[in-house]
Amino acid sequence: MKLFDVYPLFDIEPVRGEGVYVWDKNGTKYLDLYGGHAVISIGHSHPHFVARINRQLNQLAFYSNSIINPLQSELAALLGEISGLNDYQLFLCNSGAEANENALKLASFVTGRKKIISFRNGFHGRTSLAVAVTDNPKIQAPVNKTDDAIILPLNDIEVLEKAFAKNEISSVILEGIQGIGGINMPDQEFVDTIVALCKKHGALFIADAVQCGYGRSGKFFSHDYFGVKADIYTMAKGMGNGFPVAGIAIAPHIEPKYGMLGTTYGGNHLACAAAIAVLEVMKGESLIENAAEKEAVFRNALEGVEGLKEVRGRGLMLGLEFEFPIKELRLNLLNQQNIFTGSATDPNVMRLLPPLTIGLKEIETFKQALNQTLTNMA
Ligand code: PLP
């Protein structure tokens, strides 16, 4: 059997990781400013994470969700404490798309309505509803196309108000910082309007924090920067530091009923052990604080870089918009300087999504490598 070809591949085969670095099969060391697509939060193969998973694996890897699993409650308590959502309810699943799918479905159960508002350049995953509200027709199969998904321009209050006029909206889903779309930020007034309109019309506000959550922005959820509370938060990526685990945090006013949500693997013992270890390290090593502090260091380091138009984002979720497409620059950084960076659907934007453990030394290395590469390319 051969592989179903879904991504263009770089000719690199990483075999080992430690902290902010990975090594390929030839022993070459790479600086990882991509975090395996915003997934690596506490650093590659963190010893506490490895030990906790191994311990759980030796004890019990899995049993069904029809039994008591105290690891789920332990994870919920820790997550509630660190995120500030102590009074929310946690549903555990396996991926970002699944988290959004369940959040959108739950909102429809609760409101009895079908229409969902999402935004241009947003990305919410590839399952049926998640992809329907994602602004990219290329990844939607005919079965995903529905009039119930209303994709509006970001930060256009007038258009948003009009969309609410008929009182048909079930939910509004918004990334606190758009990731794949190019690190675009909603305005304060726009977010306040979403919250107010949802409240007025009985719709639910869903914060997609799959990429911009879990401490990456320098706050637990990047939505926290707006001083608002969502009815549902979705999370994945950094939650498991590479172990597939995801969740949705559901506001206390939403009452669960049997049949609304369910999953075989979600919240299994091994996944919970991984997610608990991530939060323990995040707390113990003050990684959210580190993410907030390092934003300024990155911004300073990037000052005066040739051809760099703008640096967007918060914490360790940064978008570098250049005056030119960055494809060649990214390839040169990888092949000549051994540095992984991320792209975006906007061809001029480079995304930096490093592990939250990154230090001053690595940022300095990146600064020098970037300047050197740009000089070589001039
Ligand atoms: N939501 C956002 C904001 C994402 O960036 C992604 C993935 O990149 C998803 C949802 C989907 O997550 P997953 O690939 O784990 O299904």
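Above this note sits the structure.
Residues numbered from 1 in each chain as written. Predicted model: local features only at pLDDT ≥ 70, side-chain atom pairs only at ≥ 80, totals over all residues. Heavy atoms only, no water.

1. Details of the overall build of the protein
Secondary structure assignment for the protein yields eleven helices and 14 strands. Computed over the C-alpha atoms, the radius of gyration of the protein is 21 Å, within 12% of the 21 Å expected from 2.2 N^0.38 for a compact globule of 378 residues. Over its C-alpha atoms, taken along the principal directions, the protein stretches across nearly 60 × 55 × 45 Å. A buried classification covers 54% of the 378 residues belonging to the protein. With the model as given, the accessible surface of the protein reaches about 17,400 Å², and the carbon-plus-sulfur share is 53%. Separation of charge centres in the protein, based on 34 positive and 40 negative side chains, amounts to 4 Å. (Helix = DSSP H or I, 4+ residues; strand = E, 2+ residues; numbered from the N terminus. Rg over C-alpha atoms; globule rule 2.2 N^0.38 Å. Buried < 20%, exposed > 50% of the residue type's maximum accessible area, 1.4 Å probe, protein only. Areas by Shrake-Rupley, 256 points an atom, 1.4 Å probe, with all protein chains shown as cover. Lys, Arg positive; Asp, Glu negative; His and termini not counted. Charge placed at Lys NZ, Arg CZ, Asp CG, Glu CD.)

2. Section: the site of the ligand
Around the ligand, the structure places 14 residues, and the nearest of them are G96, A97, D208, Q211 and K237. G96 places a main-chain nitrogen or oxygen 2.8 Å from an oxygen atom of the ligand. Backbone polar atom of F123 to a nitrogen atom of the ligand: 3.4 Å apart, as the coordinates give it. Here the shell around the ligand takes three residues from helix α4 (residues 96–111), the largest share from any one element. (Near = heavy atom within 4 Å. Polar contact = N/O pair within 3.5 Å; in protein donor to acceptor, adjacent residues only side chain to side chain.)

3. A few points about a nonpolar patch on the surface
Together, F4, V6, Y7 and L9 make up an exposed nonpolar region whose accessible area comes to about 580 Å². Take V6: it is sitting in the segment before β1 (14–18). (Patch = residues over 30% accessible without salt bridge, like charges linked within 9 Å, V, L, I, M, F, W, Y side chains within 5 Å. Salt bridge = Lys/Arg side-chain N within 4 Å of Asp/Glu carboxyl O.)

4. Quick look at helix α11 (residues 360–377)
Here α11 is 18 residues long and its end C-alpha atoms lie 26 Å apart, about the 26 Å a rise of 1.5 Å per residue gives. Buried within α11 are the following residues: E362, I363, F366, A369, L370, T373 and L374. The buried residues of α11 occupy one face: seen down the axis, they fall within an arc of 130°. In α11, the exposed residues that point more than 90 degrees away from the buried face are L360, K361 and T375. (Expected span 1.5 Å × (residues − 1). Arc of directions from axis to C-beta.)

5. What about the packing of aromatic side chains?
The tally for this structure, following the rule as stated, stands at ten aromatic pairs. Here the aromatic rings of F322 and F324 are separated by 5.4 Å at their centres, their planes lie at 45°, and the arrangement is tilted. The class for F322 is buried, based on a relative accessible area of 0%. Here the aromatic cluster, defined as three or more aromatic residues joined through ring pairs, consists of Y88, Y214, F220, F221 and Y233. For the cation-ring pair, R16 lies above W23, with the distance from its terminal atom to the ring centre recorded as 4.0 Å. One residue, K219, lies across the ring of Y225, its end atom 5.2 Å from the ring centre. (Phe/Tyr/Trp six-rings, centres within 6.5 Å; stacked < 30°, edge-to-face > 60°. Lys NZ or Arg CZ within 6 Å of the ring centre and 35° of its normal.)

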